[in-house]
Structures are given as structure tokens and as C-alpha cells.
Amino acid sequence: MNVGTTLVTISAGATINVRVQNGSGNAGDWIGVYVTGTADSAYLNWFYLDGTKIQPSTGRTTATVVSTLPSTPGTYEFRLFPTGNGAFIRLATSPTMTVR
């Protein structure tokens, strides 16, 4: 399972595509946007694999979701988690992106 982006350095506030391949296929799987190195509970934004914040009725093993990067320069990553139950069990992490 992996989470990826095609960009390593990008402008603050830019919109990018986040891809998930070989996911678990659970309807509640979600992606969070994080400052690199922060705790899993410290997400800046999150969304289900259909790009919304309303849990879909069916899961996906692959997805491409459009996301807006933070407006503050720094290093960020996307993390994939399974259906939420209050626990953070990370399934995958994207490569680090530098936002300028």
C-alpha cells in the first residue's frame, strides 16, 4: 500500500493530486495532511478517499484525490489511515514535500 504525490517542491497553497494504490478498501479509510514529524493526531486537514468529509458507502483500493497544500512554507506529508475508531494506525506515508 502506498500514498504518493508527483511533486517534491511546490508553492504554498497549491492544489495537487494525492494518489492511493493498493489500499485496504474500507469505506472509512482517510488521508491526513501533516507537518513532517508531527504526531498522527496532529493533522492539519483530512478527507476520505473520495475527497469528501462524509464517509462513503463503499471503499476504494485506489484513489486520486485533489488536495490544497498549506499556505505556510515548510515540509509536509500525507498519511493514510484505516476506518476511524479513535485510534491512529498509519497504513502509509507519502514522500515529504517542501512547500515554499
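*Asks:* Please explain the packing of aromatic side chains as it appears in this structure.
*Replies:* Ring pairs (aromatic) are described by centroid distance and by the angle formed between their planes. Under the criterion given, the structure shown has eight aromatic pairs. Seen in terms of ring centroids, Tyr 34 and Tyr 43 are 6.5 Å apart; in terms of plane orientation they differ by 80°. Their pairing is edge-to-face. Tyr 34 sits in the buried class, given a relative accessible area of 0%. With 5.7 Å between their ring centres and 85° between their planes, Phe 81 and Phe 88 make a pair best called edge-to-face. Look at Phe 81 and you get buried, because its relative accessible area is 1%. Of the residues examined, Phe 88 reaches a relative accessible area of 33% and is grouped as partly exposed. Among the aromatic residues, those joined into a cluster by ring pairs are Trp 30, Tyr 34, Tyr 43, Trp 46, Tyr 48, Phe 81 and Phe 88. The cationic tip of Arg 79 hangs over the ring face of Tyr 34; the distance from NZ or CZ to the ring centre is 3.9 Å.

*Asks:* Could you clarify how one ought to interpret the side chain of Asp 29 in this entry?
*Replies:* Its location among the elements puts Asp 29 in the loop between strand 3 (15-21) and strand 4 (30-35). Separated by 2.5 Å, the side chains of Asp 29 and Ser 24 make a polar contact. Side-chain polar atoms of Asp 29 contact the backbone nitrogen of Thr 83, separated by 3.4 Å. Beyond its immediate chain neighbours, meaning those up to four positions away, Asp 29 contacts Ser 24, Tyr 48, Leu 49, Leu 80, Phe 81, Pro 82 and Thr 83.

*Asks:* I tried to follow the pairing of strand 3 on my own but got confused; where do I start?
*Replies:* Two faces, one strand: in a regular strand the side chains alternate between the faces of the sheet. Going residue by residue along strand 3, you find Ile 16, Val 18 and Val 20 tucked away on one face and Thr 15, Asn 17, Arg 19 and Gln 21 left uncovered on the opposite face. Here strand 3 runs beside strand 6 (residues 63-68); their pairing, made up of six bridges, is antiparallel. Along strand 6, the bridge assignment pairs Ile 16 with Ser 67.

*Asks:* Just to check I follow, could you spell out the environment of Asn 17 for this structure?
*Replies:* With respect to the helices, strands and loops of the structure, Asn 17 is situated in strand 3. A C-alpha to C-alpha distance of 9.7 Å links Asn 17 and Ala 63, two positions 46 residues apart in sequence.

Here is what the cut-offs are and how they apply
- Throughout this document, residue positions are counted from 1 along each chain, in the order its sequence is written.
- Per-residue local features are limited, in this predicted model, to residues with pLDDT of at least 70; the limit for side-chain atom pairs, both in listing and counting, is 80 or more; totals at the level of whole chains, interfaces and linings are taken over all residues.
- Side-chain calculation: all heavy atoms of the structure are included, whereas hydrogens and water are not.
- Side-chain rings of Phe, Tyr and Trp, where Trp is taken by its six-membered ring, are said to pair if the distance between their centres is within 6.5 Å; with planes under 30 degrees apart they count as stacked, over 60 as edge-to-face, and otherwise as tilted.
- Exposure classes here rest on a 1.4 Å probe applied to the protein chains alone. A residue is buried below 20% of its type maximum, exposed above 50%, and partly exposed in between.
- Criterion for a charge above a ring: Lys NZ or Arg CZ within 6 Å of the ring centre, and within 35 degrees of the ring normal.
- Where helices and strands are cited, they refer to DSSP runs of H or I of at least four residues and of E of at least two residues respectively, numbered from the N terminus.
- Polar contacts here mean pairs of N or O atoms no more than 3.5 Å apart (in protein, one a potential hydrogen donor and the other a potential acceptor; neighbouring residues in sequence count only if both atoms are side-chain atoms).
- Contact criterion: two residues are considered in contact whenever any of their non-hydrogen atoms come within 4.5 Å of each other.
- By this definition, two strands are paired if DSSP reports at least two bridges between them.

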